[in-house]
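Listed here are the chains, written in short residue letters.
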Amino acid sequence: MHFTSSAGSSSSTHDFAAANKTHFDARATAAHGDDPHDSPAHPENTERARRTVNAMRQWWPELFDEDRTEAMDYACGLLCQHVKSVLGVDISQAAVDRYNARASDQGLAPDEVRAVCAELTLTGTPAELARASFDLIVCCASYHHFPSIADTTRVLAAHLAPGGALLVADVLAAPDGREIFPRRTTTFAFAARMRATGESTRWFIAKGLKGS
C-alpha cells in the first residue's frame, strides 16, 4: 500500500478486539435491539456515511462500478452501494445482524449486500474469507479503534485483488491528538459535529493502492 502510519504494532490486539466486540455488541443491541446511533433521533451518523460515500465517489469514481466492483465494508460502517456487491465484515455479531437487517429493509438481496462476523488478523483468516479478494475495501470511522493501524492496513491489503484500492475515512486525529495517518497521505473530506460532545471534527479520506 502507498500510505503508511506512524502507529506501531501492539502486543495486546486480543484485548482491544475483545473490548471492541463488547462495546459494539452492547451499542448495537441497545434500546431493545435497535442501535440508537442509527435511529431517527441520531441522523448524524447516517448523514456522515452518506457524505463519506459521496466524497469517495466524487474523487475516485473509477472505483465504484456497479457492473464490476466487488467491495468489502470493513467494520460495517457505510453499507456502501454503487458497486456490484458488498461484503460487510465486523467483529460484532450484533453489528452484523443490524447491517444485514438494514440491507434487507432497503430491498438489497444477499448476493448484493451481506455481512459476516469475523476477525481479520495477521496470523489467520476465517474460512469464509480464505480465498476472497476485493477490488475495493472501505473502512469508515473505525481506524481510531484499532490497536495497530499498520497491522490493520496490512491485513486489509492482503484481501485486495491486484490493483485494488483501500479507502479509509475517519477523524483527522485520535482522541489523544495523534494523527491517524500522516497529513500528506490524506484528503480533507468535510467537517462533522460529534453527537456526544457537540464539537466539530475534521474528517479525512485516505486512499491506498495494491500493486498489480
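Residues numbered from 1 in each chain as written. Predicted model: local features only at pLDDT ≥ 70, side-chain atom pairs only at ≥ 80, totals over all residues. Heavy atoms only, no water.

Novice: What am I meant to see in the overall build of the chain here?
Specialist: Broken down by element type, the chain carries 5 helices and 7 strands. Reading the helices (α) and strands (β) of the chain from amino to carboxyl end gives α-α-α-β-β-α-β-β-α-β-β-β. Evaluated residue by residue, the chain yields a buried proportion of 46% over its 212 residues. Partitioning the intrachain contacts of the chain with sequence separation of at least 6 by distance along the chain shows that 65% fall at a separation of at least 24. With an accessible surface of roughly 10,700 Å², the chain has 50% of that area assigned to carbon and sulfur atoms. (Helix = DSSP H or I, 4+ residues; strand = E, 2+ residues; numbered from the N terminus. Buried < 20%, exposed > 50% of the residue type's maximum accessible area, 1.4 Å probe, protein only. Contact = heavy atoms within 4.5 Å. Areas by Shrake-Rupley, 256 points an atom, 1.4 Å probe, with all protein chains shown as cover.)

Novice: What am I meant to see in the nonpolar core here?
Specialist: Nonpolar side chains in soluble globular proteins tend to end up buried together. Counting residues in each nonpolar core, the largest one holds 30 residues, and the members touching the most others are Met 56, Phe 64, Leu 78, Leu 136 and Leu 167. Those elements that place two or more of their residues in this core are helix 3 (44–59), helix 4 (93–105), strand 3 (113–117), strand 4 (134–140), strand 5 (160–171) and strand 7 (200–209). Contact partners of Phe 64, with chain neighbours within four places excluded, come to Met 56, Arg 57, Thr 69, Cys 80, Gln 81, His 82, Val 83, Leu 136 and Leu 167. Counting 22 residues, the second largest nonpolar core, distinct from the first, contains Met 72, Tyr 143, Ile 149 and Leu 166. (Core = buried A, V, L, I, M, F, W, Y, C linked by side-chain atoms within 4.5 Å.)

Novice: For this particular structure, what's the right way to read the packing of aromatic side chains?
Specialist: The geometry of an aromatic ring pair comes down to the distance between the two centres and the angle between the two planes. Inspection of every chain in the model, using the stated rule, returns 3 aromatic pairs. When the centroid spacing of 5.7 Å and the interplanar angle of 70 degrees are considered together, the rings of Trp 59 and Trp 60 count as edge-to-face. Judged by its relative accessible area of 30%, Trp 59 is partly exposed. An angle of 45 degrees between the planes, with centres 5.8 Å apart, marks the rings of Tyr 74 and Phe 146 as tilted. (Phe/Tyr/Trp six-rings, centres within 6.5 Å; stacked < 30°, edge-to-face > 60°.)

Novice: Help me understand the environment of Arg 102 in this model?
Specialist: With respect to the helices, strands and loops of the structure, Arg 102 is situated in helix 4. Taking the C-alpha atoms as reference, Arg 102 lies 9.8 Å from Arg 114; in sequence the two are 12 residues apart.

Novice: Is there a simple way to explain the environment of His 145 in this structure?
Specialist: Relative to the helices and strands, His 145 is located in the loop between strand 4 and helix 5 (149–158). By relative accessible area, His 145 is classed as partly exposed at 24%. Polar side-chain contacts of His 145 include one of 3.3 Å to the side chain of His 144. (Polar contact = N/O pair within 3.5 Å; in protein donor to acceptor, adjacent residues only side chain to side chain.)

Novice: Would you mind going over the confidence of the model for the chain with me for this structure?
Specialist: Regions with low pLDDT should not have their predicted coordinates read in detail. In this model, the chain carries an average pLDDT of 76, and 66% of its residues clear a pLDDT of 70 or more. Looking across the chain, the model is least confident in helix 2 (residues 30–33), with a mean pLDDT of 44, and most confident in strand 1 (residues 70–74), with 96. Below a pLDDT of 50 lies the segment residues 31–41, which in the model reaches 16 contacts outside its immediate sequence neighbourhood of four places, other chains included. (pLDDT = per-residue confidence, 0-100.)

Novice: How should I be thinking about unusual backbone geometry in this particular structure?
Specialist: Glycine aside, the phi torsion of most residues is negative, and most peptide linkages are trans. With phi around 75 degrees, Ala 75 is a residue other than glycine that occupies positive phi space. Relative to the elements of secondary structure, Ala 75 occurs in the loop between strand 1 and strand 2 (85–90).

Novice: Would you take a moment to explain the state of the cysteines for this structure?
Specialist: Every disulfide links exactly two cysteines, by a covalent bond between their sulfur atoms. According to the stated counting rule, one finds 0 disulfides in the structure shown. The thiol of Cys 117 is not disulfide-bonded; the next cysteine sulfur, from Cys 76, is found 9.0 Å away. Cys 140 takes part in no disulfide bond, and the closest cysteine sulfur, belonging to Cys 139, lies 7.7 Å away. Given the relative accessible area of 3%, Cys 140 is considered buried. (Disulfide = S-S within 2.5 Å.)

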